[in-house]
Protein chains: 2
Amino acid sequence: MSFWKSLFSNSDVEVSTPIYDWETVGMGGDRNQYRILFTTNREIDLYELEELCDAVGWARRPLRKVKKALQYSFLSASMWQQKGSRQRLIGFARATSDHTFNATIWDVVVHPEFQNQGLGKALMQYMIRKLRQEEISNITLFADPHVVDFYRGMGFRPDPDGIKGMFWYPD
Amino acid sequence: MSFWKSLFSNSDVEVSTPIYDWETVGMGGDRNQYRILFTTNREIDLYELEELCDAVGWARRPLRKVKKALQYSFLSASMWQQKGSRQRLIGFARATSDHTFNATIWDVVVHPEFQNQGLGKALMQYMIRKLRQEEISNITLFADPHVVDFYRGMGFRPDPDGIKGMFWYPD
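Attention in this report is confined to the structure presented alongside it. Because the structure is predicted, anything quoted here is derived from the model rather than measured.

Some words on the relation of the copies chain B and chain A
Logical step 1: By a simple turn and slide, chain B fits onto chain A: the slide is 0.0 Å along the axis, the RMSD is 0.0 Å, and the turn is 180°. Seen this way, the second copy is the image of the first under a two-fold rotation axis. Ranked by how close their C-alpha atoms come to the rotation axis, the residues of chain B are headed by Gly165 of chain B, at 2.1 Å.
Logical step 2: The overlap is high: 100% of the interface residues of chain B also sit at the interface in chain A, so the same surface is used on both sides.

Right, dumping it as structure tokens:
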């Protein structure tokens, strides 16, 4: 069993010591070797991000708005496949925050080719660790019904103490 | 019936044209005349805000953290009672945001002496209008169980399309 496979076989992803601002979680098999890298520092190419969001079928958003949203997000985490010298964006998540008490995670996406391998969990664990390093007290998100259990498995609780997530709708 | 009373009797608060950055919603009776003012621009005295939060029984938070949270909030709305030349902070709310798609409202507070008069609703309507002026698409919040109906009455829906608000808890 390759290092990469053994790493993800039980969905418990160990993240190695940061190398510069990158963090590596594993390598592919011998034949098709690659590494998975995480960072919060790298500038995201908006077209590459759009391609990733297209791949999961999200509605397109104006790039100038996406650019502004990234600029004013507290943290943007990205996940990359590195094969030789080529890096490909395969996952993304970002959080808004008051830099102190509360953070809210938005736009969590993993490329379909890389789903069901524990990488969504690895990306979220990376995100949570980064937010904790910033001493954010309260990490929140709004989960679509089909991913509630995914987030539950990572320590997120729905409606804790009866607190309800609410969205405003114009009349 | 005084202007102020007629204004709030049906909980529909009309907000007048902004005067500088202030907005006024009404005046008290003849004997004890005052105005209620709203603003997003005024610098908040941290001790005055702490006093307001104390009055509703919130747990105290370190002032340096509160200061940082205000600094990095997208919008802080405050509500004031003006009696003669004296202004008293009687309500507050703030929102985190990516300045584009999503905003999340936190720390909504109205002084107990001013509750049950439609002023919480007026403060929230002011907040929503300000966020809409900034062209935020998605206004969200996390509501304690006893205020879910309050927010529902203002156009907020709990768990729309099954979306769940979730909070992260450390192991």
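On we go from here.
Some remarks on the pattern of salt bridges
Logical step 1: Enumeration according to the criterion identifies 18 salt bridges over all chains in this entry.
Logical step 2: A salt bridge links Arg94 of chain A to Asp98 of chain B; the shortest N-O distance between them is 2.9 Å. Here Arg94 of chain A is found in strand β4 (residues 86–97), whereas its partner Asp98 of chain B is found in the loop between β4 (86–97) and β5 (102–110) on a different chain. For the pair shown, Arg94 of chain A and Asp98 of chain B are each scored as buried.

Notes on the pairing of strand β3 (residues 75–83) of chain A
Residues and elements named next belong to chain A.
Logical step 1: Within β3, 8 of the 9 residues are buried, leaving the element largely enclosed by the surrounding structure.
Logical step 2: Where strand β2 (residues 35–39) and β3 come together, 5 bridges link them in antiparallel fashion. In the sheet register, Arg35 faces β3, and the bridge partner there is Gln82.
Logical step 3: Where β3 meets β4, 9 bridges bridge the pair, whose relative direction is antiparallel. Residue pairing in the sheet places Leu75 in a bridge with Ala95 of β4.

Structural notes on the side chain of Asn102 of chain A
Logical step 1: You can see Asn102 of chain A is positioned in strand β5 (residues 102–110).
Logical step 2: Beyond its immediate sequence surroundings of up to four residues, Asn102 of chain A is in contact with Thr96, Ser97, Ile136 and Asn138 of chain A together with Arg94 and Trp106 of chain B.

Observations concerning the packing of aromatic side chains
Logical step 1: One pass over the full model with this rule turns up 13 aromatic pairs over all chains.
Logical step 2: Taking the centre distance of 5.0 Å and the plane angle of 65° together, the rings of Phe150 of chain A and Tyr151 of chain A count as edge-to-face.
Logical step 3: An angle of 35° between the planes, with centres 5.3 Å apart, marks the rings of Phe38 of chain B and Tyr126 of chain B as tilted. Placement of Phe38 of chain B in strand β2 (residues 35–39) and of Tyr126 of chain B in helix α4 (residues 119–133) is noted, with a sequence separation of 88 residues between them.
Logical step 4: With relative accessibility at 0%, the residue Phe38 of chain B sits in the buried group.
Logical step 5: An aromatic cluster of at least three residues, connected via ring pairs, comprises Trp106, Phe142 and Phe167 of chain A together with Trp106, Phe142 and Phe167 of chain B.

Description of the packing of helix α2 (residues 46–55) of chain B against helix α3 (residues 63–71) of chain B
Residue and element names in this part refer to chain B.
Logical step 1: At a minimum axis separation of 11 Å, α2 and α3 run at an interaxial angle of 100°. The angle between the axes of α2 and α3 places the two elements in the roughly perpendicular class. On the side of α2, the interface is formed by Leu46, Tyr47, Leu49 and Glu50, while α3 contributes Leu63, Val66, Lys67 and Leu70.

Quick notes on the rules
Residues numbered from 1 in each chain as written. Chains lettered and ligands numbered in written order. Predicted model: local features only at pLDDT ≥ 70, side-chain atom pairs only at ≥ 80, totals over all residues. Heavy atoms only, no water. Least-squares fit on C-alpha atoms with pLDDT ≥ 70 in both. Contact = heavy atoms within 4.5 Å. Salt bridge = Lys/Arg side-chain N within 4 Å of Asp/Glu carboxyl O. Helix = DSSP H or I, 4+ residues; strand = E, 2+ residues; numbered from the N terminus. Buried < 20%, exposed > 50% of the residue type's maximum accessible area, 1.4 Å probe, protein only. Pairing = 2+ DSSP bridges. Phe/Tyr/Trp six-rings, centres within 6.5 Å; stacked < 30°, edge-to-face > 60°. Axes fitted to C-alpha atoms, helices over the stretch in contact; angles between N-to-C directions. Parallel < 35°, antiparallel > 145°, perpendicular 65-115°, else oblique.

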